[in-house]
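Here is how the chains run, residue by residue.
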Amino acid sequence: MAMFRLQSSKVLAVDMTGDAVKAKNGSMVAYDGEMAFKKLSGGGEGIRGMVTRRLTGEQMTLMEVKGRGTCWFADRASEINLVSVQGDKLYVESSNLLATDGGLRTGTEFTGLRGASQGNGLFTTTVEGHGQAAIMSDGPAVVLRVSAQYPLTVDPGAYVAHQGNLRQSFQSGVTFRTLLGEGGGEAFQMRFEGDGLVYVQPSERNTIAGDV
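Residues numbered from 1 in each chain as written. Predicted model: local features only at pLDDT ≥ 70, side-chain atom pairs only at ≥ 80, totals over all residues. Heavy atoms only, no water.

Student: Which parts of the structure should I look at to understand the overall build of the protein chain?
Tutor: Helix and strand counts for the protein chain stand at two helices and 12 strands. The helix and strand sequence of the protein chain, counted from the amino end, reads β-β-β-α-β-β-β-β-β-β-β-β-α-β. (Helix = DSSP H or I, 4+ residues; strand = E, 2+ residues; numbered from the N terminus.)

Student: Please clarify how the nonpolar core should be interpreted in this entry.
Tutor: Burial of nonpolar side chains together is a common tendency in soluble globular proteins. Of all hydrophobic cores here, the largest spans 17 residues; its most connected members are L12 and F73. Elements that contribute at least two residues to this core include exactly β2 (11-24), β4 (61-73), β6 (97-101) and β8 (123-137). Among the elements that take part in this core, β2 stands out by supplying five residues, more than any other. Judged by nonpolar contacts, the second largest core, of 12 residues, contains V85, V92, L97 and Y199. (Core = buried A, V, L, I, M, F, W, Y, C linked by side-chain atoms within 4.5 Å. Buried < 20%, exposed > 50% of the residue type's maximum accessible area, 1.4 Å probe, protein only.)

Student: So what exactly am I meant to see when it comes to the pairing of β6 here?
Tutor: Taken residue by residue, a regular strand's side chains alternate between the two faces of the sheet. For β6, a buried count of five out of five residues is recorded, marking the element as mostly surrounded by other parts of the structure. Pairing geometry for β2 and β6, over three bridges, is antiparallel. Opposite V21, over in β6, you have D101 as the bridge partner. (Pairing = 2+ DSSP bridges.)

Student: Any chance you could explain the side chain of K22 here in plain terms?
Tutor: Tracing the backbone through its elements, the reader meets K22 in strand β2. Reaching out from K22, the side chain makes a polar contact with the backbone oxygen of L104 at a distance of 2.8 Å. (Polar contact = N/O pair within 3.5 Å; in protein donor to acceptor, adjacent residues only side chain to side chain.)

Student: What should I look at first to understand unusual backbone geometry in this one?
Tutor: Leave glycine aside and you will find that most residues have negative phi; peptide bonds, for their part, are mostly trans. Notably, R76 is not glycine yet its phi reads approximately 55°, a positive angle. Among the secondary structure elements, R76 is positioned in the loop between β4 and β5 (79-92). By relative accessible area, which is 66% here, R76 ends up exposed.

Student: What am I meant to see in the pattern of salt bridges here?
Tutor: Pairs can form between side chains of opposite charge once their charged atoms are near each other. Across all of its chains, the model carries seven salt bridges by this definition. The salt bridge partner of E64 is K38, with a shortest N-O separation of 3.8 Å. Of this pair, E64 sits in strand β4 while K38 sits in strand β3 (residues 28-41), and the two are 26 residues apart along the sequence. Exposure remark for E64: the relative accessible area of 26% places this residue in the partly exposed category. Taking relative accessible area as the criterion, K38 reaches 48% and is therefore assigned partly exposed. A salt bridge links E128 to R105, with the nearest nitrogen and oxygen atoms 3.8 Å apart. Here the residue E128 occupies a position in strand β8, and R105 occupies one in strand β7 (residues 105-110), the gap between them amounting to 23 residues. According to the relative accessible area criterion, R105 is partly exposed, its value standing at 45%. Salt bridges sharing partners connect three or more residues here, namely K24, D75 and R76. (Salt bridge = Lys/Arg side-chain N within 4 Å of Asp/Glu carboxyl O.)

This is how it looks when you write it as structure tokens:
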């Protein structure tokens, strides 16, 4: 299995010995050894993935990198976070997914309004299996624990990913900035209950929900 490590907070190094990884198309910045690159279709594998992409307009494009040596990945100087997937499912905004082990399965799943935060439909990217994934954030990500006693409410524009046994719902609300008269705020907020982790970034993307 390929080994993921952070060369810095903004550069991912992947050591491969004949292994394959999937990464965001165009994110390779350097490599040594022998590497082969192949463009893949985003949104999942197989016929189901093709149908889902057609229905949702999913624009995520991945490439497969296979070989022996080290390959370095980065994207727009974003901060990179390593996530271990151990038989569970990781949900991540498609624009925040940098790379995964070749053995991890990627797909798209209907998740309601939150998927609209990218403006590309009511779906989000899923990663499942056993291995490592690298996700990106605009600024250092904060990992927040959700427990039965402490549910979590998140601004859709700051959401990056989540994993674990979590139930997701939506509630109307306004942000503190809206009360101060700054910006449009978010018409909806994301609420997580159960047991798991939520990754948020210290910078908000523009969301459709904020204009509702």
